[in-house]
Amino acid sequence: MELSKNGSPSNHHKVIIIGSGPAGLTAALYSGRAALNPLIFEGHQPGGQLTITTEVENYPGFEHGIQGPELMDVMRKQAHRFGAVSIYRNITKVNFEVRPFELTDEEDNNYTADTVIVSTGASAKWLGLDSEKHFMGYGVSSCATCDGFFFRGMKVVVVGGGDTAMEEANYLTRHASEVILIHRREEFRASKIMLDRAKANPKIRFVLNTVVEEILGKTEENKKSVVGVRVKDLKTGEVSEIECSGFFTAIGHEPNSGIFKGKLDMDENGYLVTKKSTSETNIEGVFACGDVQDNYYRQAVTAAGTGCMAAIDAERYLEKIEFEMHS
Ligand code: NDP
């Protein structure tokens, strides 16, 4: 890669990737192999959401599973092998109205790029309890598809009253002996069909008008595990405990798209809009992949797939503008 006089990456790049989950790192791998020397802004959670999970058993290619942080580490090394360079800072400002595009990082360094790949991901919303942080990855999760399998024959709690909560609860009944769905109201945001399906499932028990005050667990040497939750009935004020081994928050996700507001097209929930079957945004030369543009599949493997698409789309766009410049 090119280095400026002080040894930091030079400021103009053919491809700048913002975000370092499976989408961003796969985009880096592909654009690296296309000799485009991509610069990846990894932010403050390099590797993205997978770095807060433990075992990943559904990423193809790992017969016996792999730890989330290790998977991301390997992906990064693979991308670096082909010339990608990581910067562990956030991009805080973008200007897509000029060519080349202008980007500024949190330390006010400026960069320009012919193409930008946005892979800033989404963040699960959390209740914000200290115990939730403490047991994250050790019984606390926000992804039933990723972690449900670890609770075979056990009781689990799901918090939320929207479609995600119903979907997660239904999914978890495949593994858990009982799913206790805790919701703070009596009315649901969930669609009727999803709610009816959950209500008809004999393995799901509804606990309504109730909030979780604390996640209860054990910490022994290096082993942490969840044993229950302390809840409060909002109607009676009664505080009680519910036994469980797993705790799933399903109170929504937020796409990390704040810096693109007013600059890239997004839906009413802030997810970036891409043209059908491509990674193209409304700005030519800016591509989006991974969870920041997907509120439906949200899997590491689908994010990686769209990262590959974004790199190929960026490469073809660069070829096109180069051809146009010389003809
Ligand atoms: P929603 O915003 O629809 O629902 C979030 C739920 O979490 C609400 O019931 C809300 O309670 C509750 N909640 C929020 N914050 C807290 C908190 N701090 N403490 C306790 N409870 C809280 O998010 P979803 O992720 O469920 O859905 C997002 C979008 O994705 C929706 O449009 C949905 O239809 C869609 N979706 C579609 C699916 C499908 O069709 N298969 C599957 C999953 C999602 P309250 O109601 O009291 O505010």
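For the structure itself, consult the block above.
Predicted model, so just to flag it, every value in this text is computed and none were measured.

Re the packing of helix H5 (residues 163–172) against helix H6 (residues 192–200)
Working step 1: At a minimum axis separation of 9 Å, H5 and H6 run at an interaxial angle of 35 degrees. The element H5 and its partner H6 pack so that their crossing is left-handed. When H5 is examined against H6, the residues Asp-163, Met-166, Glu-167 and Asn-170 are found in contact with a partner set consisting of Met-194, Leu-195, Arg-197 and Ala-198.
Working step 2: Partitioning the contact of H5 with H6 into residue classes produces 4 nonpolar, 1 polar and 3 charged.

Comments concerning H5
Along an α-helix, residues three or four positions apart point the same way, because every turn accommodates 3.6 residues.
Working step 1: When H5 is considered as a whole, its buried residues turn out to be Ala-165, Met-166, Glu-168, Ala-169, Asn-170 and Leu-172.
Working step 2: Buried residues belonging to H5 abut helix H4 (144–147), strand S11 (155–159), strand S12 (178–182), H6, strand S13 (204–207) and strand S17 (246–249).

A few points about empty space enclosed by the protein
Working step 1: Overall, the coordinates contain 1 cavity of 30 Å³ or more when judged by the stated rule.
Working step 2: Reported here for the largest cavity is a volume of approximately 30 Å³.
Working step 3: Residue lining of the largest cavity: Ala-124, Lys-125, Ser-142, Thr-164, Thr-249, Ala-250, Ile-251, Gly-252 and His-253, and that is the complete set.
Working step 4: For the lining of the largest cavity, the residue count by class is 3 nonpolar, 5 polar and 1 charged.

Quick word on the state of the cysteines
Working step 1: Counting across every chain of the model gives 1 disulfide.
Working step 2: The disulfide that involves Cys-143 links it to Cys-146, with 2.0 Å between the sulfurs. On the sign convention where negative is left-handed, the bridge of Cys-143 and Cys-146, at about 75 degrees about the S-S bond, is right-handed.
Working step 3: Taking relative accessible area as the criterion, Cys-143 reaches 16% and is therefore assigned buried.
Working step 4: With no disulfide partner, Cys-289 has as its closest neighbouring cysteine sulfur the one in Cys-308, 9.9 Å distant.

Describing unusual backbone geometry
Working step 1: With an omega of -10 degrees, the peptide bond running from Arg-99 to Pro-100 counts as cis.
Working step 2: Here Pro-100 shows up in the loop between strand S6 (91–95) and strand S7 (101–105).
Working step 3: Residue Asp-108 is not a glycine yet carries a positive backbone phi of 65 degrees.
Working step 4: Among the secondary structure elements, Asp-108 is positioned in the loop between S7 and strand S8 (110–118).
Working step 5: Positive phi, close to 50 degrees, is recorded for Asn-209, a residue that is not glycine.
Working step 6: If you trace the backbone, Asn-209 turns up in the loop between S13 and strand S14 (210–220).

Examining the sheet that holds strand S15 (residues 223–233)
Working step 1: What the 3 strands build is an open sheet, ordered S14-S15-S16; its pairing is antiparallel. Lying at the two open borders of the sheet, with one neighbouring strand each, are S14 and strand S16 (239–243). Strand-to-strand twist in this sheet, taken as the mean axis angle between neighbours without regard to direction, amounts to 30 degrees.
Working step 2: Inspection of the sheet shows S14 paired to S15 by 10 bridges, in the antiparallel sense. Bridge pairing links Glu-214 to Arg-230 in S15.

Cut-offs used in this document
- Residues numbered from 1 in each chain as written.
- Predicted model: local features only at pLDDT ≥ 70, side-chain atom pairs only at ≥ 80, totals over all residues.
- Heavy atoms only, no water.
- Axes fitted to C-alpha atoms, helices over the stretch in contact; angles between N-to-C directions.
- Helix = DSSP H or I, 4+ residues; strand = E, 2+ residues; numbered from the N terminus.
- Left-handed = near helix turned anticlockwise from the far one by under 90°.
- Contact = heavy atoms within 4.5 Å.
- Nonpolar A, V, L, I, M, F, W, Y, C, P; charged D, E, K, R; others polar.
- Buried < 20%, exposed > 50% of the residue type's maximum accessible area, 1.4 Å probe, protein only.
- 1 Å grid on protein atoms, 1.4 Å probe; cavity = no way out; pocket = protein on both sides within 12 Å on 5 of 7 lines; lining within 4 Å.
- Points joined across faces, edges and corners; volume = space filled by probe spheres on them.
- Disulfide = S-S within 2.5 Å.
- Pairing = 2+ DSSP bridges.

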